[in-house]
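# Structural characterization, general
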Amino acid sequence: MISTIKTELQGERVLLTPLQIENIYTHFAWNNDPELNMLDSELPFVEESFGDFKRRFEGLLFHPSMNSQDFEIHDEEGKLIGVVEISDISDHNRHCSVSLTIGDRAYWGKGYGRDAMQVILDYCFGVLKMHRLTAEAFEYNDAWKRLVEGMGFHEEGTIRDFVFREGRYWDKHLYALLDTDYSSMGRMPGPTD
Ligand SMILES: CC(C)(COP(=O)(O)OP(=O)(O)OC[C@H]1O[C@@H](n2cnc3c(N)ncnc32)[C@H](O)[C@@H]1OP(=O)(O)O)[C@@H](O)C(=O)NCCC(=O)NCCS
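The structure contained in this document is the topic of the report that follows. Sequence order sets the numbering: in each chain, residues are counted from 1 along the sequence as written. Reporting of local features is limited, given that this is a predicted model, to residues whose pLDDT is at least 70; pairs of side-chain atoms are given and counted only at 80 or more, and all residues count toward the totals for whole chains, interfaces and linings.

## Details of the overall build of the protein chain
To keep it simple, the criterion reads: For the purposes of this entry, the term helix denotes a DSSP run of H or I that reaches at least four residues, the term strand denotes a run of E that reaches at least two, and both are numbered from the N terminus. With C-alpha atoms as the basis for the radius of gyration, the globule rule is written as 2.2 Å multiplied by the number of residues raised to the power 0.38. Once C-beta atoms are placed from the backbone, each residue is buried if 20 or more other C-beta atoms lie within 10 Å of its own, exposed if 12 or fewer, and partly exposed for counts between those two. In this description, a residue-residue contact is defined by the distance between C-beta atoms placed from the backbone, which must lie within 7 Å.
If you tally the helices and strands in the protein chain, you get 6 helices and 8 strands. Going from N to C terminus, the protein chain has its helices and strands arranged as β-β-α-α-α-β-β-β-α-β-α-β-β-α. Taken over C-alpha atoms, the radius of gyration comes to 16 Å for the protein chain, in line with the 16 Å a tight globule of 193 residues would show. Looking at the protein chain as a whole, 23% of its 193 residues qualify as buried. When contacts within the protein chain are restricted to residue pairs at least 6 apart in sequence, long-range pairs at least 24 apart make up 58% of them.

Structure follows, in structure tokens:
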């Protein structure tokens, strides 16, 4: 199992922390937001009761999976603005998948997503020693596609007609970034970073 060496990760503006039980109502609101669901989940939107959500959330906090890690994203004032999930961590193959949601719309398009992504890439490559990170984006999610492409991810393929939304099918784009790509961009954190 890969252990979390640092539990708090500092970016230029954001601070990533473990999930905190006192923030459950904010997470619950984002979980039941149909627009966020469309952007970051392939599952059709179904409103979840607070009791069901609480059981799932407590599971993430108190019985975390060995192959995923979740973080909260906080702004400069400490306000919770989003979440990051590192999932499908394979210790042997040194790969994992990354997804990120700025849940608070007031923070969209202001650079917080990019800052949080930079932190998580440094963590995955520099601390978890991953070789390969993957990200997936639905065809209609321009902000996420632009973010991962801007961070140097390569598009490796397209899954055609993967999700059915608003009366039609949409593709899913598959992206990956290798540690060697990251190094060649001069972004690999040093041992003291
Ligand atoms: C996708 C998301 C993480 C991007 O974070 P953000 O803080 O809004 O984006 P940033 O301000 O850091 O900008 C990152 C890039 O996206 C571009 N961008 C931001 N919003 C955009 C939009 N609505 N349309 C097109 N491009 C957009 C920015 O211009 C920037 O690219 P650039 O540096 O080449 O100019 C955020 O909008 C979000 O959480 N959305 C809802 C959930 C989601 O879609 N999650 C991703 C799938 S898991």
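## Describing the site of the ligand
As a reminder, the rule being used: Residues are classed as near a molecule or strand if the C-beta position derived from their backbone is within 6 Å of it.
By nearness alone, 21 residues border the ligand, and Leu39, Ile102, Gly113, Arg114 and Ala143 come closest of all. Mapped onto the shell around the ligand, the elements with two or more residues apiece are α2 (34–40), β5 (95–102), α4 (112–127) and α5 (142–150). When residues in the shell around the ligand are grouped by element, the largest group, 6 residues, is from α5.

## What to know about the nonpolar core
The condition is simple: To define a nonpolar core, we join buried Ala, Val, Leu, Ile, Met, Phe, Trp, Tyr and Cys residues through C-beta atoms within 7 Å and take the resulting set.
Ile73, Val84, Ala116, Ile120 and Cys124 are the most contacted members of the largest nonpolar core, which has 34 residues in total. The set of elements that each furnish at least two residues to this core consists of β3 (69–74), β4 (80–90), β5, α4, β6 (132–138), α5 and β8 (168–178). Considering each element in turn, this core owes the most residues, 9 residues, to α4. Those residues in contact with cysteine 124 that sit more than four places away from it in its chain are Ile86, Cys96, Val98, Met130 and Leu133.

## Here we look at the sheet that holds β8
Operational definition: At least two bridges found by DSSP between two strands is the condition for calling them paired. Fitted lines through C-alpha atoms give the axes, limited to the stretch in contact for helices. The angle between two N-to-C directions lies from 0 to 180 degrees.
The mixed open sheet is built from 8 strands, whose spatial order is β1-β2-β3-β4-β5-β6-β8-β7. The open sheet has two free edges, formed respectively by β1 (9–10) and β7 (154–165), since each of these has just one partner strand. Sheet analysis places β5 next to β6, joined by 3 bridges and oriented parallel. Note that in β6 the partner of histidine 95 across the bridge is arginine 132. Strands in contact with α4 are β1, β2 (15–18), β3, β4, β5 and β6; relative to β5, the strand with the most contacts, it is inclined by about 160°. Most of the contacts of α5 go to β6, to which it runs at about 155°, and overall it touches β6 and β8.

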